[in-house]
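Structural characterization, general
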Amino acid sequence: MNLTSVPPGPEMVERHYGESLFFGAHLPVTAVSIVDIGSGAGFPGVPLAIQEDSRRVTLVESNQKKAVFLKEAARSLINVSVLATRAEEVRRTFDWIVSRAVDPTEVLRLLPRLALRVGLMIGEGDVSDVKKRTDIAWSEPIQLPWGDRRFCVYGECST
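Attention in this report is confined to the structure presented alongside it. (Residues numbered from 1 in each chain as written. Predicted model: local features only at pLDDT ≥ 70, side-chain atom pairs only at ≥ 80, totals over all residues. Heavy atoms only, no water.)

This part is about the overall build of the chain. In terms of regular secondary structure, the chain is built from 5 helices and 8 strands. When the helices and strands of the chain are placed in sequence order, the string is α-β-α-β-α-β-β-α-β-α-β-β-β. Counting all 159 residues of the chain, 45% fall into the buried class. Partitioning the contacts of the chain with sequence separation of at least 6, the portion at a separation of at least 24 is 52%. (Helix = DSSP H or I, 4+ residues; strand = E, 2+ residues; numbered from the N terminus. Buried < 20%, exposed > 50% of the residue type's maximum accessible area, 1.4 Å probe, protein only. Contact = heavy atoms within 4.5 Å.)

Okay, structure coming up:
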């Protein structure tokens, strides 16, 4: 289905699974309900759910083909649900919004309606852009250990 641009192999394991698990290791234990915006092939949401089974992860994917894949792939994960819709149409609230490979400004528009806390996996160039949101208290960016100038950033709305 070509769900990711990274071909199968060691790079895929590192980029998708490794980065998602590293990202999840930096989420606080209070991150119980998580919504993953633009889940695509299920990253970072599925690894986050597997990493900590007390997390309830909702994967939001508007592409119907990808959403069907996600529903099938997560069928045996009782702490994962899939919404085949646009994030703007979601009417629930969560502890955290997470996302990777989605325009961070689009994700930040969902705050504080969907959640008060956000975790993003973004490129170096996006770090200064997201930090312009002064209504969000940002932690220091954490560089992903594989050195391709990608970062994890975590923040909490002050409203």
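More follows now that the structure is in view.
Keep in mind that most residues, glycine aside, have a negative phi and that most peptide bonds are trans. Backbone torsion omega between F43 and P44 reads 5°, so that peptide bond is classified as cis. For P44, the location among the structural elements is in the loop between β1 (33-37) and α2 (45-51). Across the junction of L111 and P112, the peptide omega takes the value -10°, indicating a cis bond. Along the chain, P112 turns up in the loop between α4 (104-108) and β5 (117-123). For A101, which is not glycine, the phi dihedral falls at a positive 60°. Note that A101 resides in the loop between β4 (96-100) and α4.

Moving on, we come to the pattern of salt bridges. Taken as a whole, this structure holds 9 salt bridges when the rule is applied. Between R100 and E19 there is a salt bridge; the shortest N-O distance is 3.3 Å. Taken together, the residues span a long stretch of sequence, with R100 in strand β4 and E19 in helix α1 (residues 10-25) at a distance of 81 residues. For the residue pair R100 and E19, the accessibility class agrees, reading buried in each case. A salt bridge links R86 to E88; the nearest nitrogen and oxygen atoms lie 3.3 Å apart. For R86, a relative accessible area of 47% puts it in the partly exposed group. Counted as one network, the salt bridges with shared partners bring together E19, R100 and R150. (Salt bridge = Lys/Arg side-chain N within 4 Å of Asp/Glu carboxyl O.)

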